Amino acid sequence: MRARKKAWTEHEIETNERIIKNAADHKGKWSEYFGNCNPIHIEIGCGKGRFIVQTASMNPNINYLAFEREEHVIVMGARASTGVPCSLGFIIGDVSDISDYFNEGELDRLYINFCDPWPRRKKWHKRRLTHSNFLNVYKKLLKNGSGIHFKTDNKELYEFSLNSFSDNGWRLKNITLDLHNNGFEGNVVTEYEEKFASVGMPIYRCEAYNV
């Protein structure tokens, strides 16, 4: 179910300092925006922001950016981050335009959590965030040796993604078919993940590195 637009959405966008206005103006200059040269990690499709807010609060020496195209969703993440000590900003934008916001080699990690699997028609597969069209863009934006942390509840998308990573020259690591039962440490649970895991659905996870 899609989240309904909140009456306070526009006001939050205007007043919340963590929602970055004119984010493209910071392309190539994010170290100036954050006031340091710490690594930059971004989450593509942050939803309500639980994952990125918690992750950022646990890692004060990393700069985080949350990327989301739905204004009425991203404001909830920005509001949830209020008062949380962390280095975090929110960008309202579409992943198809991600190159407008970052220079080549400017990023240190991407998180892709529970993205739309686009399952019904094969021609829609190119919309998947792990399709080669997107991977080629990510590879330019990430530093050499940096990577993508990917999670999904959709087995078909996961298998597609593993093949896509491999076919495009990414090195796979920490592949799991049941994240919550394999002893993996340090996992931060998203809203969707909690919902799926609570009914016994396996969570699939892997890391893919730009080599």
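The structure under discussion appears in the preceding block.
Here the residue numbers are simple positions, counted from 1 along each chain's written sequence. Where local features are concerned, this predicted model is filtered to residues with pLDDT of at least 70; where side-chain atom pairs are given and counted, the filter is 80 or more; whole-chain, interface and lining totals use all residues. Just so you know, side-chain values use all the structure's heavy atoms and leave hydrogens and water out.

**A short note on unusual backbone geometry**
Here is step 1 of the chain: Not every positive phi belongs to a glycine, and phenylalanine 114 is a case in point at roughly 55°.
Here is step 2 of the chain: Secondary structure elements follow DSSP: runs of H or I of four or more residues count as helices, runs of E of two or more count as strands, with numbering from the N terminus. If you trace the backbone, phenylalanine 114 turns up in the loop between strand E4 (107–113) and helix H5 (132–141).
Here is step 3 of the chain: Burial here depends on accessible area, computed with a 1.4 Å probe over protein chains only, as a share of the maximum for the residue type. Under 20% is buried, over 50% is exposed, and the range in between is partly exposed. Phenylalanine 114 gets classed as buried once you look at its relative accessible area, which sits at 11%.
Here is step 4 of the chain: The phi dihedral of tryptophan 118 is positive, around 40°, even though this residue is not glycine.
Here is step 5 of the chain: Structurally, the position occupied by tryptophan 118 is in the loop between E4 and H5.
Here is step 6 of the chain: A relative accessible area of 22% places tryptophan 118 in the partly exposed class.

**Describing a positive patch on the surface**
Here is step 1 of the chain: Patch building starts from residues that exceed 30% relative accessible area and form no salt bridge, then joins like charges within 9 Å and nonpolar side chains (Val, Leu, Ile, Met, Phe, Trp, Tyr) within 5 Å. For accessible areas, the Shrake-Rupley method is used with a probe of radius 1.4 Å. Any residue's cover is judged against the shown protein chains and nothing else. A side-chain nitrogen of Lys or Arg and a carboxyl oxygen of Asp or Glu constitute a salt bridge if their distance falls within 4 Å. For the purpose of counting charges, residues Lys and Arg are taken to be positive, whereas Asp and Glu are taken to be negative. His and the chain ends are not included. For charged residues, the charge sits on one atom: NZ in Lys, CZ in Arg, CG in Asp, CD in Glu. A cluster of basic side chains, namely Arg120, Arg121, Lys123, Lys126 and Arg127, defines a positive patch on the protein surface.
Here is step 2 of the chain: Structurally, lysine 123 is set in the loop between E4 and H5.
Here is step 3 of the chain: For lysine 123, a relative accessible area of 58% gives the class exposed.

**So, the nonpolar core**
Here is step 1 of the chain: In terms of nonpolar packing, the biggest core is built from 35 residues, with Phe102, Tyr138 and Ile148 touching the most fellow members.
Here is step 2 of the chain: Looking at this core, the elements with two or more residues in it are helix H2 (30–34), strand E1 (40–44), strand E2 (63–68), E4, H5, strand E5 (142–152), helix H6 (155–167) and strand E7 (204–210).
Here is step 3 of the chain: The dominant element in this core, judged by the number of residues it contributes, is H6, at five residues.
Here is step 4 of the chain: Any two residues having at least one pair of non-hydrogen atoms within 4.5 Å are treated as being in contact. Beyond its immediate sequence surroundings of up to four residues, phenylalanine 102 is in contact with Lys27, Trp30, Ile42, Leu65, Ile91, Leu107 and Leu141.
Here is step 5 of the chain: Buried Ala, Val, Leu, Ile, Met, Phe, Trp, Tyr and Cys residues that are joined via side-chain atoms within 4.5 Å together make up what is termed a nonpolar core. In terms of nonpolar packing, the next biggest core, distinct from the first, is built from 18 residues, Phe51, Ile62, Ala78 and Leu88 among them.

**Side note on the sheet that holds strand E6 (residues 170–176)**
Here is step 1 of the chain: Ordered by their spatial adjacency, seven strands build an open sheet running E3-E2-E1-E4-E5-E7-E6, and the pairing between neighbours is mixed. The outermost strands of the open sheet, each flanked by one partner alone, are strand E3 (88–92) and E6. Each adjacent strand pair in this sheet contributes to an overall mean axis angle of 20°, direction not counted.
Here is step 2 of the chain: Across six bridges, the pairing between E5 and E7 is antiparallel. Of the residues in E7, the one forming a bridge with glycine 147 is tyrosine 209. One bridge is not enough; two strands pair if DSSP finds at least two bridges between them. To obtain an axis, a line is fitted to C-alpha atoms, over the contacting stretch when the element is a helix, and the angle between two such axes runs from 0 to 180 degrees between their N-to-C directions.

**Some details on the side chain of histidine 41**
Here is step 1 of the chain: Structurally, histidine 41 can be placed in strand E1.
Here is step 2 of the chain: Taking relative accessible area as the criterion, histidine 41 reaches 5% and is therefore assigned buried.
Here is step 3 of the chain: Once you skip the residues sitting within four places of it in the chain, histidine 41 turns out to touch Ile62, Asn63, Tyr64, Leu65, Asp108, Arg109 and Tyr111.

**What to know about the pattern of salt bridges**
Pairing between side chains of opposite charge can happen when their charged atoms approach one another.
Here is step 1 of the chain: According to the stated counting rule, one finds eight salt bridges in the structure shown.
Here is step 2 of the chain: The residue arginine 79 makes a salt bridge to glutamate 12 at a minimum N-O spacing of 3.1 Å. With arginine 79 in helix H4 (residues 71–80) and glutamate 12 in helix H1 (residues 9–15), this residue pair connects regions lying 67 residues apart in the sequence.
Here is step 3 of the chain: A relative accessible area of 7% places glutamate 12 in the buried class.
Here is step 4 of the chain: Residue lysine 151 pairs with glutamate 193 through a salt bridge whose shortest N-O separation is 2.6 Å. Highlighted residues: lysine 151 in strand E5 and glutamate 193 in helix H7 (residues 191–198), separated in sequence by 42 residues.
Here is step 5 of the chain: With a relative accessible area of 3%, lysine 151 lands in the buried category.

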